[in-house]
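A look at the structure
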Amino acid sequence: MSDVESATKPFTIKGATGDWEIVVGLEVHAQVTAQAKLFSGASTRFGAEPNAQVSLVDAAMPGMLPVINGECVRQAVRTGLAINAQINPWSRFDRKNYFYPDLPQGYQISQLYHPIVGEGHLEITLDDGTTRTIGIERIHLEQDAGKSVHDLHPSMSYVDLNRSGCALMEIVSRPDIRSPAEAGAYVAALRQLLRYVGSCDGNMDEGSMRADVNVSVRRAGEPFGTRTETKNVNSVRFIMAAVEHEAKRQVDVIEGGGRIVQETRLFDPGSGTTRSMRGKEDAHDYRYFPDPDLLPLVFDDAFIDECRASLPELPAAKRARYQADLGLSPYLAGVLTAEKETADWFETALAATAARLGKGQAEVALRVANFVAGDLFGALKRLGREIGDSPVGPDALAELLALGADGTLSGPLMKQVFEAMLETGDSAARIVEARGLRQVSDTGAIDAAIQAVLDANPDKVADYRGGKDKLFGFFVGQVMRAMAGKAAPGVVNDRLKALLDG
Amino acid sequence: MTSLTDLTLAEMKAGLAARMFSAVELAQAHLDAMAANRHLNAYIVETPELALAQARAVDDGRRSGPLAGIPLGIKDLFAVEGVQTTAGSAMLKGFVPRYESGVTANLLRDGAVFLGKLNMDEFAMGSSNETSAFGKVISPWKARGSDAELVPGGSSGGSAAAVAARLCAGATGTDTGGSIRQPAAFVGIAGIKPTYGRASRWGTIAFASSLDQAGPMARTVADCAHLLTSMCGFDDRDSTSLDLPVPDYAAGLTGTMRGRRVGIPAEYRLDGMDPEIAALWDAGIAWLRSEGAEIVSVSLPHTRYALPTYYIVAPAEASSNLARYDGVRYGNRVTPPGGNVHDMYAATRAAGFGKEVKRRIMIGTYVLSAGYYDAYYTQAQKVRALIARDFELAFERCDVLLTPTAPSPAFAFGAKADPIAMYLNDVFTVPASLAGLPAMSVPAGLSATGLPLGLQIIGRPLDEMGVLDAGLAIERAAGFTARP
């Protein structure tokens, strides 16, 4: 048996005969976010009744013709720009011919010879903070197939064509990936990028994103080994498992004196293993040729510029900016940019807070970031909500933070008010007003409370004065409790020190 | 009074406008003629109720338009909503589309009356109408002194026979490599294939997508012009449709050849050319010269590669286009007991497709196969570009080209059992198809055996008007009045 050693770098598989390096390339199929299919007007909504979203074109009725959906083209170009890729101003669709009941035309319209997007790359960050650049060979547009359902009838299969003709981007990486963790990081980074761009919703459990996993193994310094392709793996975890299992299997086969055959394999999520689907000798001859029903896609620089201008700030740039300009830690920058919605929410709250306080964003960023990543995320997790439907909006949060910054609320009071905001949906100011939660900074009231605590604990006062400094915290706690948490902590500290020492 | 069915389309328009007869009377006259001529097997489906209802609507004033009340036959390649549409194939027997093709929708918009669906070579693959699953169409013509039944040409053979036999005022045809022009020539009528992209392909069953073009077939050039104006036009459901205005061809038709240059391509004068065909061609040249045209000799050097190129490109596209006929969603399905889905495909397609269709699917599959693709398909595309370039260069020196339409008059059934011999019938029509050019056949004379012969005019891209004008000049000069 071979063991995976993940602690050391570079990643290797320890075989009986030595170390093996693994080489992975991923072909990610991402369903393009668009109202209509790639070549027909039928809806692409997920979860409709079977065959409810099938146009005459999707069903390949006699005489029906494809017409390109411009939105899908635009999304592919925007995605290409987001991976810094060459955009091909001239591309063309080809037919990939094979028979299957969920492929009504008898061919899939794809782009073999002239894809819409050429060479690009994506930077990935691993758990230990190291980064790597993974090459992307191409992105092409193609039609999705329908779905065959084999378990509804003893001898027949059913076909659902709702997905037939939906637009997919096939995003083909270079064989630059060297470990299961890198494969996972690549897919996660790609998913994040697609969601930022808005070209794919990345819902892997709905099949919006899935990957064909190409794996081979070799000894360090040797040329690429023979690869296998594991089809249609549909989660980051499964992709990592498929890479790991397949690499180990290949090492075992080779070390056992066998040979890897180029083949298509299937991943079994239950066991985390792969099994052979068809060998090279059974490979289809797809008889690709240019689709004569469609004209080449041709666009000018203006179109590309327009697509570029429509891109949001992308995750890598945002992370860098949060660190450099806002002074956030890599961790905070990472969690706040994980989803575009979160980053947008954070930025809105940040701007509102800075405006309320009349300060620069950099001055208040850490305060806002900590509250969002800590209290807000915690609350959302507890409530089972997404940031998009947070009971407290970014403006409301800014108001709360401003009340903290101007001394109206202490840290513990802010938490109290925040909880009340989550429950009631009321504004921080209203809650402060209604519940009298305003922080007390009046030294007279605080001195009175301190004196009462000191009077009630003469033994501890003696101990403190005798050198037990640690008791200071006890006195602070007692004073705060006596004032129902409303006392300004700074004032309590100052006055307590003065009265104890005095 | 001559029979209503003998009128030209233009005369019918005038007669209807002058209320000399009603649209219902006109439709009924044709329905009667169809009933009396079923032995020709020109129609696969007759639609008398539909036709009479449409005609009544014209008479009532509920329908109008430039073709109001004109009775037409529709090649069975065009989807007509609610009417069986089969492409002449057993594969689609009983298939009734719930949609109307772009071309027939245009004709309906303009008030036309549909008499029925016309027989054709299966999936438009054939030059004799012998490949239809609904039986061969018989030409209304017979050679002098012979009782042998003759082919009407193909693939629009039903259209040709019906127009020639006065079973409709005009018909739709489609032309992939000559399927309008060759049958028109065989039965002594006119037919024009417009520039690729002029007529919508939406709802027309595909044979070879990069070549298929719809066009009209009628007894006169002017009638073709009327129908062409209606049939053409941009359709945003067809990505190869041209978004350009369509002239009123009938209104623009003059037949004037003065100042026009007519090119005579040297390469079309084949070795061993039928002397009758050569003589007809020479006559055509003389007619146009006497009409004031300048005759220039031009060269189309890659002509001899056109036929092999066509018989790679067209089957390649067909092999893919016909993959959808798999028995899964509509049409024929054969399920062998105990078989799996692949057995179902095989049995369905074995039973549903005829011999010629299978031959072309196999040729097309072969030329697209790994290892052969570059040698056949890629090479054919290169040659196709050279052929188009030949025409471009020739049109620098002339406005239209004049050639024979077919190398022979109509032949008897079974006369060209060798597929290669059959394919050679397309030798003059295929080059213009590969280049996407407008081209028409006009009846120009009779063979020694009394059979019609046609001359072909090929024009520049989008110059249907120039083609029709030259066609009209030939028509007038030839004074072709023979009828079956």
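Residues numbered from 1 in each chain as written. Chains lettered and ligands numbered in written order. Predicted model: local features only at pLDDT ≥ 70, side-chain atom pairs only at ≥ 80, totals over all residues.

With respect to the overall build of chain B
On a plain count of helices and strands, chain B comes out with 16 helices and 11 strands. Against the compact-globule benchmark of 23 Å for 484 residues, chain B has a radius of gyration of 21 Å, which places it among compact chains. By its C-alpha atoms, chain B is 70 × 55 × 50 Å across when sized along the principal axes. The proportion of buried residues among the 484 residues of chain B is 61%. (Helix = DSSP H or I, 4+ residues; strand = E, 2+ residues; numbered from the N terminus. Rg over C-alpha atoms; globule rule 2.2 N^0.38 Å. Buried ≥ 20, exposed ≤ 12 C-beta atoms within 10 Å, placed from the backbone.)

Observations regarding the overall build of chain A
A count of helices and strands for chain A gives 15 helices and 17 strands. Computed over its C-alpha atoms, the radius of gyration of chain A comes to 30 Å, more than 25% above the 23 Å expected for a compact globule of 502 residues. The C-alpha extent of chain A, read off along each of the three principal axes, is 95 × 55 × 50 Å. By residue count, 42% of the 502 residues in chain A fall in the buried class. By sequence separation, contacts in chain A at least 24 residues apart represent 68% of the contacts at least 6 residues apart. (Contact = placed C-beta atoms within 7 Å.)

Let's talk about the sheet that holds strand β4 (residues 170-175) of chain B
Residues and elements named next belong to chain B. Taken together, 11 strands build an open sheet; the order of strands is β1-β3-β2-β4-β6-β5-β10-β11-β9-β7-β8 and the sheet is mixed. The outermost strands of the open sheet, each flanked by one partner alone, are β1 (43-46) and β8 (294-298). Here the average twist between neighbouring strands, direction ignored, is 30 degrees. Packed onto the sheet, helix α2 (residues 23-36) meets β1, β2 (71-75) and β3 (113-118) and runs at close to 20 degrees relative to β3. (Pairing = 2+ DSSP bridges. Axes fitted to C-alpha atoms, helices over the stretch in contact; angles between N-to-C directions.)

Structural notes on unusual backbone geometry
Residue and element names in this part refer to chain B. With omega at 10 degrees, the peptide bond leading from Gly-154 into Ser-155 counts as cis. Structurally, Ser-155 is set in the loop between β3 and α5 (157-164). Non-glycine residue Ala-124 carries a positive phi angle of around 65 degrees. Assignment of secondary structure puts Ala-124 in the loop between β3 and α5. In this structure Ala-124 comes out as buried when scored by C-beta crowding, with 31 C-beta atoms within 10 Å. One non-glycine residue with positive phi stands out, namely Arg-166, at about 65 degrees. Its place among the elements puts Arg-166 in the loop between α5 and β4.

So, the environment of Leu-107 of chain B
Residue and element names in this part refer to chain B. Following the sequence through the fold, Leu-107 ends up in helix α4 (residues 102-109). Taking the C-beta count within 10 Å as the criterion, Leu-107 has 26 such neighbours and is therefore assigned buried. Taking the C-alpha atoms as reference points, Leu-107 and Ile-387, 280 residues apart in sequence, are found 33 Å from one another. Dropping the residues within four chain positions of it, Leu-107 is found in contact with Leu-67, Leu-72, Ala-112, Ser-230 and Met-231.

Comments concerning the domain arrangement of chain A
Residue and element names in this part refer to chain A. On domain assignment, one finds that chain A holds domain 1 (3-284 + 291-306), domain 2 (313-435) and domain 3 (443-501). When each unit is reduced to the centre of its C-alpha atoms, the spacing between domain 2 and domain 3 is 32 Å. Contact residues are listed per partner, giving 4 residues for domain 2 and 4 residues for domain 3. Partitioning the side of domain 2 that touches domain 3 into residue classes produces 2 nonpolar, 2 polar and no charged. (Domains from an automatic or database assignment. Nonpolar A, V, L, I, M, F, W, Y, C, P; charged D, E, K, R; others polar.)

A word on the confidence of the model for chain B
In low-pLDDT regions, the fine details of the predicted coordinates are not to be read closely. Here chain B averages 97 in pLDDT, while 100% of its residues score no lower than 70. Scoring the predicted complex yields pTM 0.91 and, for the interface, ipTM 0.96. (pLDDT = per-residue confidence, 0-100.)

Regarding the packing of helix α10 (residues 306-321) of chain B against helix α13 (residues 373-394) of chain B
Residues and elements named next belong to chain B. Closest axis-to-axis distance for the α10/α13 pair is 9 Å, and the angle between their directions is 125 degrees. Looking at the two axes, α10 sits oblique to α13. Judged by the sense of rotation from one axis to the other, the crossing of α10 with α13 is left-handed. Here Ala-306, Thr-309, Ile-312, Val-313 and Ala-316 of α10 come into contact with α13, specifically with Tyr-376, Tyr-377, Ala-380, Val-383, Arg-384 and Ile-387. The class makeup of the residues in the contact of α10 with α13 is 9 nonpolar, 1 polar and 1 charged. (Parallel < 35°, antiparallel > 145°, perpendicular 65-115°, else oblique. Left-handed = near helix turned anticlockwise from the far one by under 90°.)

Topic: helix α12 (residues 443-456) of chain A
Note that an α-helix has 3.6 residues per turn; residues three or four places apart therefore point the same way. Residues and elements named next belong to chain A. Compared with an ideal rise of 1.5 Å per residue, which puts 14 residues at 20 Å, α12 spans 20 Å between its outermost C-alpha atoms and is within 8% of the ideal. Restricting attention to buried positions, one finds in α12 the residues Ile-446, Ala-449, Ile-450 and Val-453. Projected down its long axis, α12 shows its buried positions confined to an angular sector of 100 degrees, all on one face. Facing away from the buried side of α12 by over 90 degrees, the exposed positions are Gly-444 and Asp-455. Looking at the buried residues of α12, the elements they touch are α14 (471-482) and α15 (489-501). (Expected span 1.5 Å × (residues − 1). Arc of directions from axis to C-beta.)

Points about the interface of chain A and chain B
At the interface, 26 residues of chain A touch 34 residues of chain B. Among the residues forming the side of chain A that touches chain B, the class breakdown is 18 nonpolar, 4 polar and 4 charged.

Looking at the environment of Glu-222 of chain A
Relative to the assigned elements, Glu-222 of chain A resides in the loop between β12 (209-218) and β13 (228-233). Residue class for Glu-222 of chain A comes out exposed when judged on the 10 C-beta atoms lying within 10 Å of it.

Side note on the sheet that holds strand β5 (residues 94-97) of chain A
All names here are of chain A. Overall, antiparallel pairing links the 3 strands, which are arranged β6-β5-β16 in an open sheet. Where the open sheet ends on each side, the last strands, each with one partner, are β6 (107-110) and β16 (289-290). Examined bridge by bridge, β5 and β6 share 4 bridges and lie antiparallel to one another. Looking at β6, one finds that Lys-96 is bridged to Gln-108.

Some words on α10 of chain B
In this model α10 of chain B runs 22 Å from its N-terminal to its C-terminal C-alpha over 16 residues, within 8% of the 22 Å that 1.5 Å per residue would give. Counting buried positions over the 16 residues of α10 of chain B gives 15, a clear majority of the element.

A closer look at the packing of α14 of chain A against α15 of chain A
Residues and elements named next belong to chain A. Close contact between α14 and α15 brings their axes to 10 Å; oriented N to C, the two are set at 120 degrees. Here α15 runs oblique to α14, going by the angle between their axes. Here α14 runs over α15; the crossing is right-handed. In this structure, α14 contributes Phe-475, Val-476, Val-479 and Met-480 to the contact, and α15 contributes Val-492, Asn-493, Leu-496 and Leu-500. Broken down by class, the residue content of the contact of α14 with α15 amounts to 7 nonpolar, 1 polar and no charged.

Some details on the confidence of the model for chain A
Per-residue pLDDT for chain A averages 92, and the proportion of residues at 70 or more is 98%. Across residues 1-8 of chain A, confidence stays below pLDDT 50; counting only partners more than four residues off in sequence or on other chains, it has 13 contacts.

Let's talk about the pairing of strand β5 (residues 190-193) of chain B
Residues and elements named next belong to chain B. Burial along β5 is two-sided: the face carrying Ala-190 and Ile-192 and the face carrying Gly-191 and Lys-193 are both buried. Sheet analysis places β5 next to strand β6 (residues 213-218), joined by 2 bridges and oriented antiparallel. Directly across from Ala-190, in β6, lies its bridge partner Ala-218. Here β5 pairs with strand β10 (residues 439-446) via 3 bridges, running antiparallel.

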